[in-house]
Amino acid sequence: LGVIAFVAALVVALPSQAQIKFGLKGGLNMNKVSVSSKGLGKIDSKNTTGFFVGPTADVTIPLAGLGADVSLLYDQRKMKVEDYSKTLHYISVPINAKYTVGFSSLASVYLATGPQFSFNVGDRKFGKMLGEEKDDFFKLSEADVAWNIGAGATVLSHLRVGYNYSIPLTNSFDGNQNDGKDWSLKMKNNTHQISVTYLF
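Residues numbered from 1 in each chain as written. Predicted model: local features only at pLDDT ≥ 70, side-chain atom pairs only at ≥ 80, totals over all residues. Heavy atoms only, no water.

Quick look at the packing of aromatic side chains
To be explicit about the condition: Here a pair means two rings of Phe, Tyr or Trp (six-membered ring of Trp) with centres within 6.5 Å. Their orientation is stacked below 30 degrees between planes, edge-to-face above 60, and tilted elsewhere. Each residue is assigned to one of three classes by its accessible area relative to the maximum for its type, calculated with a 1.4 Å probe on protein chains only: buried under 20%, partly exposed between the two thresholds, exposed over 50%. Counting as a charge over the ring demands two things of the Lys NZ or Arg CZ atom: a distance within 6 Å of the ring centre and an angle within 35 degrees of the ring normal.
Taken as a whole and judged by the stated rule, the model has 2 aromatic pairs. When the centroid spacing of 5.4 Å and the interplanar angle of 75° are considered together, the rings of Tyr198 and Phe200 count as edge-to-face. When its relative accessible area of 42% is taken as the criterion, Tyr198 is described as partly exposed. Overall, the relative accessible area of 62% leaves Phe200 in the exposed class. A cation over a ring is seen here: Arg160 above Tyr110, with NZ or CZ 5.3 Å from the ring centre.

So, unusual backbone geometry
Here is the rule: Note on conventions: DSSP H or I runs of at least 4 residues are helices, E runs of at least 2 residues are strands, and numbering of each starts at the N terminus.
Positioned with a positive phi, Leu156 is a non-glycine residue whose angle comes to about 60°. For Leu156, the location among the structural elements is in the loop between strand S9 (143-155) and strand S10 (159-168). Residue class for Leu156 comes out exposed when judged on its relative accessible area of 53%. Not every positive phi belongs to a glycine, and Ser157 is a case in point at roughly 65°. Looking at the element boundaries, Ser157 is found in the loop between S9 and S10. Judged by relative accessible area, which is 34%, Ser157 ranks as partly exposed.

Brief notes about the pairing of S10
Defined as follows: Here, strands pair whenever DSSP counts at least two bridges between them.
The side-chain alternation of S10 yields one buried face, formed by Arg160, Gly162, Asn164, Ser166 and Pro168, and one unburied face, formed by Leu159, Val161, Tyr163, Tyr165 and Ile167. As judged from the 10 bridges shared by S9 and S10, these two strands associate in the antiparallel manner. In the sheet register, Ala151 faces S10, and the bridge partner there is Tyr163. Where S9 hands over to S10, the hairpin turn is made up of 3 residues, of which Leu156 adopts a positive phi near 60°.

And the structure:
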C-alpha cells in the first residue's frame, strides 16, 4: 500500500508537460550475499547470476531533464554460501528519480537513484547451510528494501541500456539462537544489474 501511495503521489505531482512512455525492461543480476555472523566462524559467499524482466513506465520533463521511472519486475536472484545454493524469486518495484542530459535527438545519458521494494514470492525455507538435517529450519525475510544508484544511455528515444547497483537497506535473513552456543547470522543481498529497456 505504501508503494502504491508513493507512485500515486508522484504521478499527481508531475507537471502537465511531462511525457510518459511505457516499455519492457529486462537484464542480468549479478548477486553476492554479504554475511555477518557471530559464533559460527567465517562463512564465505560466492558471486551468482540471475535475471529480471517486466513492464516499466518512464516519465520525463523535457525542458528540465528531470523524470522518473517505475517498474514491476520478476526478479530472480541466487544465493551461494559455502557449498549451499538457493534460487530466490522476488517481485521487485524500483522507483527511481532520473536526471537526463540529451546530446541530440539521437542520444542521451542519465543518472538515476531511488528505493526498491522486493517481495519474496518463492520458497523462503533454508537450513542445510548451517548443517541442519532439513532445509526448512529457517526462513528468509518476506521483503527486502534497497536503494538504487544507476546510470545509462538512451538511443533513438526507444532503446535504453543501463547499469544499476542495489544497496541493501534491510537483511534478507536475521536470526539468532541461545542454545548454549550463542550465535547470530545476518545476510544481505548486494546486486549489480545490467538492463536493456525498449520504450514504445
